[in-house]
Amino acid sequence: MNIHTEFHRFLNRHDKESLLKQKGLAIWMCGLSGSGKSTIANAAERVLHQQGHFTIILDGDNLRSGLNSNLGFSDEDRLENIRRFAELTKILVNNGVIVFISAITPRGELRDLARGIVGEENLFEVYVKASYEACEQRDVKGLYAKAAKGEIPNFTGQASSFEEPQNPDLTLDTEALSVEDAAIELVEGILPRISTL
Ligand SMILES: Nc1ncnc2c1ncn2[C@@H]1O[C@H](COP(=O)(O)OP(=O)(O)OP(=O)(O)O)[C@@H](O)[C@H]1O
Ligand SMILES: [Mg+2]
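Residues numbered from 1 in each chain as written. Chains lettered and ligands numbered in written order. Predicted model: local features only at pLDDT ≥ 70, side-chain atom pairs only at ≥ 80, totals over all residues. Heavy atoms only, no water.

Asker: Help me understand the side chain of R111 in this model?
Answerer: Mapped onto the elements of the fold, R111 is located in helix 6 (residues 108–118). There is no salt bridge for the buried R111, and the closest opposite charge comes from E125, which lies 4.3 Å off by N-O distance. Beyond its immediate sequence surroundings of up to four residues, R111 is in contact with C30, T105, P106, E125, F162, E163, E164 and P165. (Helix = DSSP H or I, 4+ residues; strand = E, 2+ residues; numbered from the N terminus. Buried < 20%, exposed > 50% of the residue type's maximum accessible area, 1.4 Å probe, protein only. Lys, Arg positive; Asp, Glu negative; His and termini not counted. Salt bridge = Lys/Arg side-chain N within 4 Å of Asp/Glu carboxyl O. Contact = heavy atoms within 4.5 Å.)

Take a look at the structure:
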């Protein structure tokens, strides 16, 4: 490449993807709190990292404590939460990054919003499936115990509904699969979408 002749051309997505030797993709992981979104995203990311891929995780917890710290769990705020996730994801995917989004995304309307912003062709929807009862038993963050006492308004699956995705690219039933098997199934599902070969 001649730096002088190429200087006025903006780098595009293809340039970034050539450098990274991968295609950008958003892996949108939805499911109840405690269903396993973060656990599986971290395990799958490790596998991809070992295979030489560049990935980023956008996790509900991290974004809610920073970028989205002014948002709560009303319908309006959940929409804005997902809109910001999606806009950030779009920028990253358009720069060749493989992005895992770990966010409850409880309703079809929210998933449609995300798909509209990120683009259908850039999005791989994963339903991380576990029953309310299973998540309540795990109760990783102690939220289900608080919700049972009525201490969490708008708790997803209880006062606020969770609509199951109608047509996800992949469903991972975490009551039936181990973390390792779920991560492997996920990696195998996305490999054709991130491969440049
Ligand atoms: N097959 C499985 N896949 C993922 N997690 C599992 C599985 N089996 C059991 N678990 C356990 O379930 C819990 C899932 O917690 P995790 O924080 O990943 O949920 P989450 O969906 O990210 O919840 P939140 O929306 O609150 O962030 C972990 O303690 C994990 O060890
Ligand atoms: Mg999580």
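Asker: Where do I start with the sheet that holds strand 2 (residues 55–59) in this structure?
Answerer: Neighbouring strands of a sheet are bound in pairs by backbone hydrogen bonds; such pairs are parallel or else antiparallel. In space, the five strands of this open sheet follow the order 2-3-1-4-5, with parallel pairing throughout. Only two strands of the sheet have a single partner each, and these edge strands are strand 2 and strand 5 (170–173). Adjacent strand axes in the sheet meet at a mean angle of 20 degrees, parallel and antiparallel pairs treated alike. Looking at chain direction, strand 2 and strand 3 (residues 98–102) are connected through five bridges and run parallel. Bridge pairing in strand 3 links D59 to S102. Its contacts with the sheet place helix 5 (residues 75–93) against strand 1 (25–30), strand 2 and strand 3, and it is angled at close to 155 degrees to strand 1. (Pairing = 2+ DSSP bridges. Axes fitted to C-alpha atoms, helices over the stretch in contact; angles between N-to-C directions.)

Asker: How do you make sense of helix 5 when you look at a structure like this?
Answerer: For an α-helix, the turn length of 3.6 residues means that residues three or four places apart are oriented alike. With 19 residues, helix 5 extends 27 Å between its outermost C-alpha atoms, agreeing within 8% with the 27 Å of an ideal straight helix rising 1.5 Å per residue. Among all positions in helix 5, only D77, R78, N81, I82, R84, F85, A86, T89, L92 and V93 are buried. Of the surrounding elements, those touching the buried residues of helix 5 are helix 2 (13–20), strand 1, strand 2, helix 4 (60–65), strand 3 and helix 6. (Expected span 1.5 Å × (residues − 1).)

Asker: Would you mind going over the packing of helix 5 against helix 6 with me for this structure?
Answerer: For any two helices packed against each other, one specifies the inter-axial angle together with the distance between the axes. Their axes nearest at 9 Å, the elements helix 5 and helix 6 cross at an angle of 25 degrees. With respect to helix 6, the axis of helix 5 lies roughly parallel. Crossing handedness for the pair helix 5 and helix 6: right-handed. Residue-level contacts link R78, L79, I82, R83, A86, E87, T89 and K90 of helix 5 to E109, L110, L113, A114, I117 and V118 of helix 6. Tallied by class, the residues present in the contact of helix 5 with helix 6 amount to eight nonpolar, one polar and five charged. (Parallel < 35°, antiparallel > 145°, perpendicular 65-115°, else oblique. Left-handed = near helix turned anticlockwise from the far one by under 90°. Nonpolar A, V, L, I, M, F, W, Y, C, P; charged D, E, K, R; others polar.)

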